[in-house]
Amino acid sequence: MNELLKLQNISKTFRKNNIDALKNISFECAKGDVISIVGSSGSGKSTLLRIIAGLEIPDEGEIILEKNKINGSGIYLAPEKRNCSLVFQDFALFPNMSVKENIFFGKNASKNKSMIDELIEFTRIKNLLERFPHEISGGQQQRVALVRALSINPALLLLDEPLSHLDHELKHQVRNELKNLIKKVGATVLMVTHDTEDAMYMANKVLVLNNGVVDQVDSPASIFNFPLNSYVAGLFGKTNILPFKDFPFLDHHFFDKDRNEDVVSIRPHEFKLIDGNSSVEKPQIKGRVVSVDSLGPFLEVSIDTGKFELIVHVDRNQKIETDHDLSFYIEKK
Amino acid sequence: MDISILKSLKPLRILKQELLFKLNGWTVVSLLVGLFIFFPIGEILLSMNSQSSNWSHLKETVLFTYFLNSFILVFGTAFISLIFGVSSAWLISNYQFKYGKILEWALVLPLAIPTYIAAYAYFDILELFNPLLVWVRNNINIEAMQLLNDSLVYFVTILVMSSVLFPYIYLLARSAFLKQGKQLRDAAKTLGYNEKSVFWKIALPMARPAIIAGVSLVVMETLNDYGAVKHFGIPTFTSGIFRTWLGMGDLVGALQLSAVLIFFIFLLLALEKQARSRSKYHDSLHSKPMSKKIILNKNKSTAAIACCLTPLILGFVIPLFRLMSWAWISRDKASALVSIEMISNSLGLSIISSISIVLIALLLVFTSRYFNSYVINFSNRLATLGYSIPGAVIAIGILLFTAQINAVTNFVLTGSLVLLVFAYIVRYLAVACQPINAGIETNCDSLNNASKSLGSSTYTSLRLVNIPLIKNTLITAGLLVFIDIIKELPLTLILRPFNFETLSTATFDLSSQAQIIEASLPALCMIAVVLVPLVYLNYRLDNSR
């Protein structure tokens, strides 16, 4: 692996409220990787990004970027000397400078003029260059912030919640543009987001932080299908955490501390309704319908099996009524 | 391992981080500058143990009097300023009435009049009570007359000081009332509270931190006053320090009095900090600020005008008109009483000092915020302590400090303008640091992170990001310091070079020689000079809303 960034046992405690923001964080990032860091608010994801950028100093641990130790015992490289740039949540465009001045503000940015011109063309902001940040839209500000961050040709691009300031419609468009831009420049990216959909869409690897601890690092598909604990399973959408002993035919299971037993995570769409006439050779789960709610493209049905309650998603065209008995089988990838 | 041991190691870890990672040219220079500015105050604190031969005499005879008088003045002035400031701020920020717009703006004008000049303007007010005093002497006894006379002196001094100091509370309270969410008050009204109850139960408790901050400014100014208390003959700590030092020639005694005074000031500051610790309660309200004011009917409108006009007339109109009438009487002597040199001395000194103070404040605040340094933050706190310490005390600290420099370097600083500018820096650095800190925090903190992330140097960030974005804040800070310095008396009086006259010292000198009428000319010049930046600041404050 062509390793670009390596974190070893990074820990950070905030003095003010004595909160352990990060505890022994270790992971690696290869050149060309796009890693999404996800977690609920207060999980430490922004702190981790700020530590990598050099805006916070960790209490313990080492960071190696491009084979140079930038944090470690007695070592701290100031942010301006690190070969990485950060795109802030609120874009942090200098309000007293035009778009052009913002883009060329970075150290040695003028030396990368041809590359910057190409990025300006690609992001369609050429006609905005003479405007000031307050004179352009949120989506345009986002593109300017990205070009500005790339203008210094950083080895690592850090994105702090880059899509959170955008409304729903604009977000999908910008997300697509961002993905294309990253692909075009071949940047190595660490992106912090609380939106698991954005995380899976953008990244080839996802890192889940939970209360300052790395719970899982894997590909988006693996994280979604094979979570290592209940927190990760729940973070990526609705799921049923059920005793493993009732589903011994499933391969993937994990230990749940709260329940003190092995459990499986089965997502609502993984339950398939068995038509009364058809026969299925797979193990079946039977239960009584407790409630039915329409969620647009599908129905969310609550089932009482007698042992536990399930949430399943079925096609909206199915006729499902409460107090009726239904049978399901599980189709997991 | 015991968790408390881990906790106690944290400050050490932070100090280690500061030494290892935040030591650079900027932080070292800022630390040295901050400590240098704190040095004169440190000198006084260090001299606390020294014993004056007169101390037991001072303790037995005057210490209690100084304490009692200072306490009465501080308590009385704070109380009346509170009534003037809060009532006018509440009326202006909540109600629409005739002349409300003009009054909103005019209520700041008393700040242009220093306490000692207001005292001169009312120099003969006590004579009005002579018939009453004579009646009491003839019909009761001489002790009762003496008691009444003393009470009147206190009352008049307190009223005069309050009428020029209340704008500190008015400005902060008005701002707090305007920022308060309309929704909260509407919610209180829907729960059955009337306007009066809303004020006492919602608005006033929410504005408490701002009001307490204003009161603490009034307290500091009252303790700092020398001219007014000397004029009305009330011995306080500040006048006692002057008397012990210059009258009795006992520097150590003056130093001990200063130490006692600093102790009380720090006690007050600690109480203020505790009272303000709930400011989060006030700041965390993000609802819409007050938009529409309540329109008052004719009778209520007249009452509101009267309420706002009373402190304005007492603190600005009467002093100004009296000074103007006296100036008219002494107009023939104008060229002898006010010279161009005197005006240029005042202006030059204030401008040079203001620029120096703003530049130093910018360096200290920027370095502390840019490097997020606890050490610089701490040294900045020490360097800005001077604002809460009376000028006379700072003067003693500075003379002690320069005596040591003189002894070591053979370079005589005493009586030089450099020393006076340094004294102003020690006293007024906080006035500039406060707005600059707020300006950088609001406008530049996140942009500085962006600038660092783009590889820019500290100097580039300061020059291209911070200075352009807080340009107006720097001007405001400079003007605030300018206003304070041009009115300043005790420091200038003690530390000015021989034969160096400013408008404030000329006013004081003339009034000390019982030439109150003649003193009106330099006093009026000073007020005119202060009014220009004050009106401009007021205009900007209005526009920024």
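Residues numbered from 1 in each chain as written. Chains lettered and ligands numbered in written order. Predicted model: local features only at pLDDT ≥ 70, side-chain atom pairs only at ≥ 80, totals over all residues.

Q: Run through the overall build of chain B, naming residues and quoting values.
A: On a plain count of helices and strands, chain B comes out with 26 helices and two strands. For chain B, the C-alpha radius of gyration of 25 Å lies close to 24 Å, the compact-globule estimate for 545 residues. Judged by the C-alpha coordinates and their principal axes, chain B covers about 80 × 70 × 55 Å. For chain B, the residues scored as buried account for 47% of the 545 residues in total. Once local pairs closer than 6 in sequence are excluded, the contacts in chain B between residues at least 24 apart make up 85%. (Helix = DSSP H or I, 4+ residues; strand = E, 2+ residues; numbered from the N terminus. Rg over C-alpha atoms; globule rule 2.2 N^0.38 Å. Buried ≥ 20, exposed ≤ 12 C-beta atoms within 10 Å, placed from the backbone. Contact = placed C-beta atoms within 7 Å.)

Q: So, the sheet that holds strand 18 (residues 309-315) of chain A: which residues are in play, and what are the values?
A: Residue and element names in this part refer to chain A. As summarised here, the arrangement of the five strands in space is 15-19-16-17-18, forming an open sheet in which the pairing is antiparallel. Two strands bound the open sheet, and with one partner strand each, they are strand 15 (271-273) and strand 18. The average undirected angle you get between the axes of adjacent strands in this sheet is 50 degrees. With seven bridges connecting them, strand 17 (residues 298-304) and strand 18 associate as antiparallel partners. From the neighbouring strand, Leu299 faces strand 18, where its bridge partner is Val314. (Pairing = 2+ DSSP bridges. Axes fitted to C-alpha atoms, helices over the stretch in contact; angles between N-to-C directions.)

Q: Which residues make up helix 25 (residues 503-512) of chain B, and what are the values?
A: Residue and element names in this part refer to chain B. Most of helix 25 is tucked away: seven of the ten residues are buried. For helix 25, the set of buried residues is Leu503, Ser504, Ala506, Thr507, Phe508, Leu510 and Ser511. The positive-phi residue at the C-terminal boundary of helix 25 is Ala514, with phi of around 65 degrees.

Q: Residue-level account of the nonpolar core, with values.
A: Ranked by size, the top nonpolar core spans 229 residues in total, and within it Leu158(A), Ala173(B), Ala361(B), Ala423(B) and Leu429(B) carry the most contacts. Element by element, the count of residues in this core is highest for helix 20 (residues 417-443) of chain B, at 15 residues. Residues within four places of Ala423(B) in sequence aside, it is in contact with Ile394(B), Ala395(B), Ile398(B), Leu491(B) and Leu495(B). Val263(A), Phe271(A), Val301(A) and Ile303(A) belong to the second largest nonpolar core, which has twelve residues in total. (Core = buried A, V, L, I, M, F, W, Y, C linked by C-beta atoms within 7 Å.)

Q: Describe the confidence of the model for chain B, and please don't skip the residues or the numbers.
A: All names here are of chain B. Residues with a pLDDT of 70 or more make up 94% of chain B, whose mean pLDDT is 86. Segment residues 1-8: pLDDT under 50, and one contact once partners within four positions in sequence are set aside and those in other chains are kept. Confidence estimates for the predicted assembly give a pTM of 0.83 and an ipTM of 0.82. (pLDDT = per-residue confidence, 0-100.)

Q: Can you lay out the packing of helix 4 (residues 138-150) of chain A against helix 5 (residues 168-185) of chain A for me, pointing to particular residues and giving the numbers?
A: Residue and element names in this part refer to chain A. Contact pair helix 4 / helix 5: the axes reach a minimum separation of 11 Å and the direction vectors enclose 20 degrees. The angle between the axes of helix 4 and helix 5 places the two elements in the roughly parallel class. You can see that helix 4 and helix 5 cross each other, and the crossing is right-handed. Across from Gly138, Gly139, Gln142, Leu146 and Leu150 in helix 4, the residues of helix 5 making contact are Leu170, Gln173, Val174, Leu178, Leu181 and Val185. The residue makeup of the contact of helix 4 with helix 5, split by class, is seven nonpolar, four polar and no charged. (Parallel < 35°, antiparallel > 145°, perpendicular 65-115°, else oblique. Left-handed = near helix turned anticlockwise from the far one by under 90°. Nonpolar A, V, L, I, M, F, W, Y, C, P; charged D, E, K, R; others polar.)

Q: Before we move on, can you summarise the sheet that holds strand 1 (residues 3-14) of chain A with the specific residues and values?
A: Residue and element names in this part refer to chain A. If you walk across this open sheet you meet the five strands as 2-1-4-5-6, and the pairing is antiparallel. Only two strands of the sheet have a single neighbouring strand rather than two, namely strand 2 (19-30) and strand 6 (75-76). Summarising the sheet, strand 5 (residues 68-72) and strand 6 pair through two bridges and their orientation is antiparallel. For Gly72, the partnering residue across the bridge sits in strand 6 and is Ile75.

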